[in-house]
Protein chains: 2
Amino acid sequence: MSAMSNTNQIDDVKKLFSDYLVNNGHRQTPERISILSEIYDQDNHFSVELLYIIMKNRNLSISRATIYNTIELLIDCGLIIKHQFGKNIAQYEKSYAYKQHDHLICMDCGKVFEFCDPRIHQIQKTTEEMNNLKIVKHSLNFYGKCNTLEENKSCKYIISNKV
Amino acid sequence: MSAMSNTNQIDDVKKLFSDYLVNNGHRQTPERISILSEIYDQDNHFSVELLYIIMKNRNLSISRATIYNTIELLIDCGLIIKHQFGKNIAQYEKSYAYKQHDHLICMDCGKVFEFCDPRIHQIQKTTEEMNNLKIVKHSLNFYGKCNTLEENKSCKYIISNKV
DNA sequence: CTTATTGCAAAGTGTTTGCATCTTA
DNA sequence: TAAGATGCAAACACTTTGCAATAAG
């Protein structure tokens, strides 16, 4: 989705995070930077537990508490987005330079597909106007059965498929 | 939203649940019926814990385990809907004879407003067609700040406001 | 050198499970 | 009276918190 190479992207993202930390009186710790790198290395949605295991497997010294703490900062500066796909486990995904999209979730296997439809913004605009408030974000999920879903079909509305 | 009185509605709902139980080889227990009654007595979204406390306060003998068990059955037969409004607490609401609607959630106080916009069905239909699968349900939530929301304004798109 | 941050473990919270007891069909 | 349901408590899973040790600025 991005015209940038991944190499440039991670640099951009680190710069953004670094600036955010400085501007908000937070310290730049190696843990925070390595969590950011690890997240931008992931192509799928992830939970805190999964990220913790991945980092442990890479022999990175990290604690769950630090991951939770850092994720709060990353949400605050807009570098990741938090989702709740109907389970009591928060799922996160990187959000810098990624096209806005919504999710199609398989009720059987939990697989998450992404799609986008411009009409959601029209609905959001209407809802904003009718209620005279600023909507900060939205979450649109469709739930279905993916046994009929062909993963690799080329479809301009499907951005990517993720587990 | 319903043309029925509440008295008739609870009778209809009990009949539906009763039929569902019989048809699916489940037993009709007083606990299951009283949980259903309690839920249809509520006008707001509720969590399992809240329902448990409400029933305990009414001196009804009930356990959390039975509530969780019964709620599964009620979801299965379509009498209630489960929501996850971004927190790790499942919220439920009765769904019989209530107009389909989506939610507008205040990021500050957690208040939940309801609205409906027919365009969501057009998006759903497109997504179904493009992916050749049956979408079973959807969840659309807008998140904003309700200090600018006037609760009592008459607006045809706002069905009701709930906490 | 001061104070934010880390990491561990303990505590918290919502949900699920195991099992003895009870009850519907 | 046999299989299913209840209720309690223990177990679970995810998240938050307390606090001593550490390290950024």
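About the thresholds
Residues numbered from 1 in each chain as written. Chains lettered and ligands numbered in written order. Predicted model: local features only at pLDDT ≥ 70, side-chain atom pairs only at ≥ 80, totals over all residues. Heavy atoms only, no water. Buried < 20%, exposed > 50% of the residue type's maximum accessible area, 1.4 Å probe, protein only. Helix = DSSP H or I, 4+ residues; strand = E, 2+ residues; numbered from the N terminus. Pairing = 2+ DSSP bridges. Least-squares fit on C-alpha atoms with pLDDT ≥ 70 in both. Contact = heavy atoms within 4.5 Å. Near = heavy atom within 4 Å. Polar contact = N/O pair within 3.5 Å; in protein donor to acceptor, adjacent residues only side chain to side chain. Nonpolar A, V, L, I, M, F, W, Y, C, P; charged D, E, K, R; others polar. Buried area = accessible area lost by both parts, 1.4 Å probe. Salt bridge = Lys/Arg side-chain N within 4 Å of Asp/Glu carboxyl O.

Caption draft 1: Local environment of the pairing of strand β4 (residues 112–115) of chain B. All names here are of chain B. Taking every second residue as pointing to the same face, both faces of β4 are buried, with V112 and E114 on one and F113 and F115 on the other. Judged from the four bridges that link them, strand β3 (residues 102–106) and β4 form a sheet pairing that is antiparallel. Note on β4: the bridge partner recorded for L104 is F113. Counting the residues between successive antiparallel strands, the hairpin from β3 to β4 contains five residues, one of them, G110, with a positive phi of roughly 80 degrees.

Caption draft 2: Examining the relation of the copies chain A and chain B more closely. Screw-axis analysis of chain A against chain B gives a translation of 0.0 Å along the axis, an RMSD of 0.1 Å, and a rotation angle of 180 degrees. Accordingly, the operation relating the two chain copies is best matched by a two-fold axis. Relative to the rotation axis, the C-alpha of L140 of chain A is the closest in chain A, positioned 2.2 Å from it. In this assembly, 100% of the residues forming the interface of chain A have copies in chain B that are likewise at the interface, indicating an isologous arrangement.

Caption draft 3: Region of interest: the protein's contact with DNA strand D. Neighbouring DNA strand D are 21 residues, the closest being Y68 of chain A together with R27, T29, N69 and N88 of chain B. For DNA strand D, the backbone makes up 72% of the atoms found within 4 Å of the protein, where backbone means sugar plus phosphate. In the model, a phosphate oxygen of DNA strand D is placed 3.2 Å from a nitrogen or oxygen of the S63 of chain B main chain. At 2.5 Å, a side-chain N or O of N69 of chain B approaches a phosphate oxygen of DNA strand D. Within the residue set of the surface near DNA strand D, elements represented by two or more residues are α4 (64–76) of chain A together with α2 (30–41) and α4 (64–76) of chain B. If one sorts the elements of the surface near DNA strand D by residue count, α4 of chain B sits on top with three residues. Broken down by class, the residue content of the surface near DNA strand D amounts to eight nonpolar, nine polar and four charged.

Caption draft 4: A look at the protein's contact with DNA strand C. Close to DNA strand C lie 20 residues, the nearest being T29, R32, N69 and N88 of chain A together with Y68 of chain B. Restricting attention to atoms of DNA strand C within 4 Å of the protein, one finds that 75% of them are sugar or phosphate atoms. Separating a sugar or linking oxygen of DNA strand C from a side-chain N or O atom of E31 of chain A is a distance of 3.5 Å. The side chain of T66 of chain A places a nitrogen or oxygen atom 2.9 Å from a phosphate oxygen of DNA strand C. Contributions of two or more residues to the surface near DNA strand C are made by α2 (30–41) and α4 of chain A together with α4 of chain B. The dominant element in the surface near DNA strand C, judged by the number of residues it contributes, is α4 of chain A, at three residues. Here the surface near DNA strand C is composed, by residue class, of seven nonpolar, nine polar and four charged.

Caption draft 5: Main features of the interface of chain A and chain B. In this assembly, 40 residues from chain A lie in contact with 41 residues from chain B. Of the roughly 3,600 Å² buried where chain A meets chain B, counting both sides, 63% is carbon and sulfur surface. The largest contributions to the chain A side of the interface with chain B come from I123, M130 and F142 of chain A, which together make up 17% of the buried area. If you look at where chain A meets chain B, you find zero salt bridges. In this structure, the connection of chain A to chain B is made through ten residue pairs in polar contact (both at pLDDT 80 or more). Put simply, the parts of the chain that give the side of chain A that touches chain B at least two residues each are α5 (119–131) and β5 (135–144) of chain A. Here the side of chain A that touches chain B gets ten residues from one element, more than from any other, and that element is β5 of chain A. Here the side of chain A that touches chain B is built from residues that sort into 17 nonpolar, 14 polar and nine charged.

Caption draft 6: Molecular detail of the side chain of N141 of chain A. For N141 of chain A, the position within the fold is in strand β5. Ignoring any residue separated from it by four or fewer positions in sequence, one finds N141 of chain A in contact with Q84, F85, H103 and I105 of chain A together with K137, H138 and S139 of chain B.

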